[in-house]
Structures are given as C-alpha cells and as structure tokens.
Amino acid sequence: MKTERRQLSTAEERRETVLRTAIGAFAARGYFGTTTSEVAKAAGISQAYVYRLFPNKEALFTAVVDHCFVRVRAALEGGAAEAASASPEAVLASMGDAYARLISDNDLMLVQLHAQAAAVSEPAIREAVRAGYARTVEYVRSASGGSEEQVQQFFALGMLCHLLVSIDAEAVSAPWTRTLTTGIAHY
C-alpha cells in the first residue's frame, strides 16, 4: 500500500490562510471585538502560531486591511481591462461595476468599514487605510486618465455604494432610497 505523505504548508501559505480567515472574523466583530484566539480557532491553528506570523492583533488587522486593498486593486484592474473604450468615463464605469461586484462579498466590505472606523482612534490602522487609499487613488487616476473631479466622483460613489449595501437600501421603497440608489448597480 502506498502511503500518502502529508505536505506541510509553508509559513507564507499559513499566513495567507490566516489572512483569509481573519477577514471573516474581523468582518463579523470588527477590530475591537475580534480576538486573535478567535482567528486562530477559525484558521485551525494555535494562537501562538498566529503570533509567530503576526506580532500582535494590530499587525494582523493591518495585514488584513492591506490584503483587502490588494483584492480591490485586482478587481479594478479587471474592470479597467474590460472597459468598452479607453475613455476615462468608460474605464471608470467599468472599474465601478467591478468594485460593485466585489463588495457584494459582504466580508470585504465590512472589513473596509471596520477599518475606517478603527482608523479614527488607532494610528497604525489609520496609516494602513491611508496607504491603501493612496495606492488605489493613484491606480484609478493612472488607469482611467480621469480628471481630479472624475476620480473624486468615482471614490464618492464607492462610499455611497458602501452605505447603500450596508443599510440594504434597495429593500426599502421610499423616496429617499430611490434618490440614493438611482443609477447605481448592486449585485
């Protein structure tokens, strides 16, 4: 009989597993409400191993924030590649559609919202959010060729999308929700 050898994962593979698991944990309870032991349990590893990969909860959370910005960038790149034309309007619209699809993953959107809330009082998280937005804004500007106003509008619309998804605005039939949701695609 052949015996299968179990292949151990590398630290980098474990780190990626912890990050993916931590997204769900932090999405559910936020930075302040989530413990590293909850992340460890969900990832199927010991809390001590989490600390081998990340020195503290703050470092874990900022890594999760960075990971989410990487996912946002990938979605925007995909959207830019699928644009109907090279005009700033077409590229921004296609990137916006790709982003709307991405935030239908509530965990990613929730981590973004929790990160913005924690950034108010936690300097390291504030810096991670700033750095993520800096990279994202520069990418959108470069990829779209849009004006300052167009890029600002793109991000303002993204923030509105966060609000609409988080309050499930489409489930409420009222003049105020129609005002906010008109022309905005949700998935």
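Each remark here, short or long, concerns the structure printed above.
Predicted model, so just to flag it, every value in this text is computed and none were measured.

## Thoughts on the overall build of the protein
In terms of helices and strands, the protein carries 9 helices and 0 strands. Each helix and strand of the protein, ordered N terminal to C terminal, gives the series α-α-α-α-α-α-α-α-α. On the principal axes, the C-alpha backbone points of the protein span a range of 60 × 35 × 35 Å. When burial is assessed residue by residue, the protein has 41% of its 187 residues classed as buried. Long-range contacts, defined here as pairs at least 24 residues apart, represent 66% of the contacts in the protein between residues at least 6 apart. Surface exposure of the protein reaches about 10600 Å², of which carbon and sulfur atoms provide 55%.

## Here we look at the pattern of salt bridges
Proximity of charged atoms lets side chains of opposite charge pair with each other. Following the criterion strictly, the structure yields 6 salt bridges and no others. Residues Arg141 and Glu148 are paired through a salt bridge, measuring 2.3 Å at the closest nitrogen-oxygen approach. One connected set of salt bridges, linked through shared partners, spans Glu138, Arg141 and Glu148.

## A closer look at helix 7 (residues 123-144)
A rise of 1.5 Å per residue sets the reference length of helix 7, with its 22 residues, at 32 Å; its end C-alpha atoms lie 31 Å apart and thus fit the reference within 8%. Buried residues of helix 7: Ile125, Ala128, Val129, Gly132, Tyr133, Thr136, Tyr139, Val140 and Ser144, and no others. Here the buried residues of helix 7 occupy an arc of 130° about the axis, which is enough to place them on one side. Exposed side chains of helix 7 directed beyond 90 degrees from the buried face belong to Pro123, Arg130 and Ser142. In this structure, the buried side of helix 7 is in contact with helix 1 (11-33), helix 4 (57-81), helix 5 (88-102), helix 6 (106-119) and helix 8 (148-166). Just past helix 7, the residue Gly145 takes up positive phi, approximately 70°.

## Observations concerning helix 5
The end-to-end C-alpha separation of helix 5 is 21 Å, in line with the 21 Å expected for 15 residues at 1.5 Å each. Within helix 5 the residues assigned to the buried category are Ala90, Val91, Leu92, Ser94, Met95, Ala98, Tyr99, Ala100 and Leu102.

## Some remarks on the state of the cysteines
Taken as a whole, this structure holds 0 disulfides when the rule is applied. Cysteine Cys68 shares no disulfide, and the gap to the nearest cysteine sulfur, in Cys161, comes to 17 Å. Relative accessible area serves as the criterion here: at 8%, Cys161 is assigned to the buried category.

Quick notes on the rules
- Residues numbered from 1 in each chain as written.
- Predicted model: local features only at pLDDT ≥ 70, side-chain atom pairs only at ≥ 80, totals over all residues.
- Heavy atoms only, no water.
- Helix = DSSP H or I, 4+ residues; strand = E, 2+ residues; numbered from the N terminus.
- Buried < 20%, exposed > 50% of the residue type's maximum accessible area, 1.4 Å probe, protein only.
- Contact = heavy atoms within 4.5 Å.
- Areas by Shrake-Rupley, 256 points an atom, 1.4 Å probe, with all protein chains shown as cover.
- Salt bridge = Lys/Arg side-chain N within 4 Å of Asp/Glu carboxyl O.
- Expected span 1.5 Å × (residues − 1).
- Arc of directions from axis to C-beta.
- Disulfide = S-S within 2.5 Å.

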